[in-house]
Amino acid sequence: MVLGTAQDAGYPQAACVKSCCRKVAQNEGLKRYPACLAIVDEQADTYFLFEATPNIREQLDLLYQNSKVSPGKMPAGIVLTHAHIGHYAGLIQLGREVIGANAIPVHALPKMGAFLQTNGPWSQLVELENISIRELKPDSTTALRPEVSIRPFLVPHRDEFSETAGYEIAFGRKKALFIPDIDKWERWDRDIRAYLPEVDIAFLDATFFKDGELPNRNMAEIPHPFVAESMALLDGLSDADRAKVHFIHFNHTNPLLFDVEAQNEVLQKGYNLAGQGMKIPF
């Protein structure tokens, strides 16, 4: 289940008075939480979260209301990509001031895990055993349940406090790819085109649509791959492989959040947009 599709700050973004965010005042249905996935096993009444965003409360409500998971049920584990606010700040809700959770496994690469253990207020979650850090190794498979496993891999990004991970998620014979944050594809030592034939669905970084989206900023300083660049790179793939791509992690300025013409441009080229609340059966 997709529990959020926006960049770290959500949509609308705090203190934004531009037309992009004013659109939400006119249509509350446009509101989006930061990028987050849940792997849900309704029969076992269990689930895993990929990312713990600042909107974790609303996202858990979204999960409870749209699945058979018991209301109030805590995740069987949380998988983190990196230490930027939209991807881990929600962990604070697990502390004694709020939920008072009991040793929820938090899966992360070594620097991310060490950051949580050695910096407050996150270290208090560890000391009080609200969370339990489970260190992952790049390119090594870890089983979350007998039928669910994850394989993290390093991707280039602004790594001020931690490394940045992407994930291959396996459900039996089905596989998903999750790369919500990455610098330009050419900065990676791997080829995203080689991954797509091997997975069933891919959630890829779509922070910005095209160059010039931030008129007062040098966008080279924020080197996410533009959606336009990603589509140009992937256009040589088969129709079936392009259809696996679901763009996610939209900045509040990204017209793919609110502009039908931009959305249709992506869809007509054979790609997809992740939708908040969408379910992908496996």
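Fair warning: this is a prediction, and the values are worked out from it, not measured in the lab. (Residues numbered from 1 in each chain as written. Predicted model: local features only at pLDDT ≥ 70, side-chain atom pairs only at ≥ 80, totals over all residues. Heavy atoms only, no water.)

Asks: Explain the environment of Val79 to me, please; I cannot follow it from the model alone.
Replies: Among the structural elements, Val79 can be located in strand S4 (residues 77-79). Expressed as a C-alpha distance, the spacing of Val79 and Ile150, which sit 71 residues apart in the sequence, is 9.1 Å. Not counting the four nearest positions on each side in its chain, Val79 is found in contact with Leu49, Phe50, Glu51, His107, Leu144, Ile150 and Tyr167. (Helix = DSSP H or I, 4+ residues; strand = E, 2+ residues; numbered from the N terminus. Contact = heavy atoms within 4.5 Å.)

Asks: Sorry, what's going on with the pattern of salt bridges here?
Replies: Oppositely charged side chains can pair when the atoms bearing their charge come close. In the structure shown here, the tally under the stated rule is 18 salt bridges. One salt bridge in this structure joins Arg193 and Asp191, with 3.0 Å as the shortest N-O distance. Using a relative accessible area of 36% as the deciding quantity, one classes Arg193 as partly exposed. What emerges from the salt-bridge pattern is a single network uniting Asp139, Arg151, Glu168, Lys175, Asp189 and Arg190. (Salt bridge = Lys/Arg side-chain N within 4 Å of Asp/Glu carboxyl O. Buried < 20%, exposed > 50% of the residue type's maximum accessible area, 1.4 Å probe, protein only.)

Asks: Hey, could you run me through helix H4 (residues 110-118) in this one?
Replies: Owing to its 3.6 residues per turn, the α-helix brings residues three or four apart onto one side. The complete set of buried residues in H4 reads Met112, Gly113, Phe115 and Leu116. Projection of H4 onto a plane perpendicular to its axis shows the buried side chains occupying an angular sector of 155 degrees, all on one side. For H4, the exposed residues set more than 90 degrees away from the buried face come down to Lys111 and Thr118. Those residues of H4 hidden inside the fold are in contact with helix H3 (85-88), strand S5 (104-108), helix H5 (122-127) and strand S6 (131-135). (Arc of directions from axis to C-beta.)

Asks: Looking at this structure, I do not really get the sheet that holds strand S11 (residues 201-205). What am I missing?
Replies: Sheet strands pair by backbone hydrogen bonding; their relative direction is either parallel or antiparallel. Across the sheet, seven strands lie side by side as S7-S8-S9-S10-S11-S12-S13; this open sheet has mixed pairing. Every interior strand has two partners, whereas the edge strands, strand S7 (142-145) and strand S13 (272-273), have only one. Strand direction decides the pairing type here: strand S10 (residues 174-179) and S11, joined by four bridges, are parallel. Of the residues in S11, the one forming a bridge with Ile179 is Leu204. (Pairing = 2+ DSSP bridges.)

Asks: Looking at this structure, how should I read the side chain of Ser123?
Replies: Within the secondary structure layout, Ser123 lies in helix H5. The class of Ser123 is buried, set by a relative accessible area of 13%. With near-sequence residues (within four places) excluded, Ser123 lies in contact with Leu116, Gln117 and Thr118.

Asks: I keep staring at the side chain of Lys184 and nothing clicks. Help me out?
Replies: Turning to its location among the elements, Lys184 is positioned in the loop between S10 and helix H6 (192-195). Beyond its immediate sequence surroundings of up to four residues, Lys184 is in contact with Pro223, His224, Pro225, Phe226 and Glu229.

Asks: Sorry if this is basic, but what is going on with the layout of surface pockets here?
Replies: Empty space among the atoms becomes apparent when a probe as large as a water molecule is rolled across them. In this structure, the largest pocket encloses a volume near 600 Å³. Secondary-structure elements contributing two or more residues to the lining of the largest pocket are strand S2 (36-41), strand S3 (46-50), strand S9 (165-171) and S11. The greatest single-element share of the lining of the largest pocket, amounting to five residues, is contributed by S2. Residues that form the lining of the largest pocket fall into these classes: 17 nonpolar, four polar and five charged. Empty space within the second largest pocket amounts to approximately 450 Å³. Along its surface, the second largest pocket is lined by 26 residues, and Gln7, Gln13, Phe208, Arg217 and Asn251 are the ones closest to its centre. Of the residues that constitute the lining of the second largest pocket, the class distribution is 10 nonpolar, 11 polar and five charged. (1 Å grid on protein atoms, 1.4 Å probe; cavity = no way out; pocket = protein on both sides within 12 Å on 5 of 7 lines; lining within 4 Å. Points joined across faces, edges and corners; volume = space filled by probe spheres on them. Nonpolar A, V, L, I, M, F, W, Y, C, P; charged D, E, K, R; others polar.)

Asks: What should I look at first to understand the sheet that holds S4 in this one?
Replies: The mixed open sheet is built from six strands, whose spatial order is S1-S2-S3-S4-S5-S6. Taken across any chain shown, the strands that pair with only one partner, and hence form the sheet edges, are strand S1 (2-4) and S6. Across the sheet, the mean angle from the axis of one strand to that of its neighbour is 25 degrees, orientation sign disregarded. By the bridge criterion, two bridges tie S4 to S5 in an arrangement that is parallel. In the sheet register, Val79 faces S5, and the bridge partner there is His107. (Axes fitted to C-alpha atoms, helices over the stretch in contact; angles between N-to-C directions.)

Asks: How should I be thinking about unusual backbone geometry in this particular structure?
Replies: Peptide bonds are trans in most cases, and residues, glycine excluded, mostly fall at negative phi. The omega torsion across Tyr11 and Pro12 is 5 degrees, close enough to zero to call that bond cis. Relative to the helices and strands, Pro12 is located in the loop between S1 and helix H1 (19-26). You will see that Ala103, though not glycine, has its phi angle at about 50 degrees, which is positive. For Ala103, the position within the fold is in the loop between H3 and S5.

Asks: Mind showing me how you'd approach the packing of aromatic side chains here?
Replies: Centre-to-centre distance and the angle between the planes together describe a pair of aromatic rings. A complete count under the given rule lists 12 aromatic pairs for this structure. Arranged with centres 5.8 Å apart and planes meeting at 85 degrees, the rings of Tyr88 and Phe115 form a pair that is edge-to-face. Taken as a pair, Tyr88 in helix H3 and Phe115 in helix H4 lie far apart in primary sequence, 27 residues in all. Judged by relative accessible area, Tyr88 falls into the buried class, the value being 8%. Feature note: the residues Tyr88, Phe115, Trp122 and Phe161 constitute an aromatic cluster, connected by ring pairs. The ring of Phe226 has Lys184 sitting right over it, with the charged end atom 3.6 Å from the ring centre. (Phe/Tyr/Trp six-rings, centres within 6.5 Å; stacked < 30°, edge-to-face > 60°. Lys NZ or Arg CZ within 6 Å of the ring centre and 35° of its normal.)

Distances and angles like these do not, on their own, reveal function.
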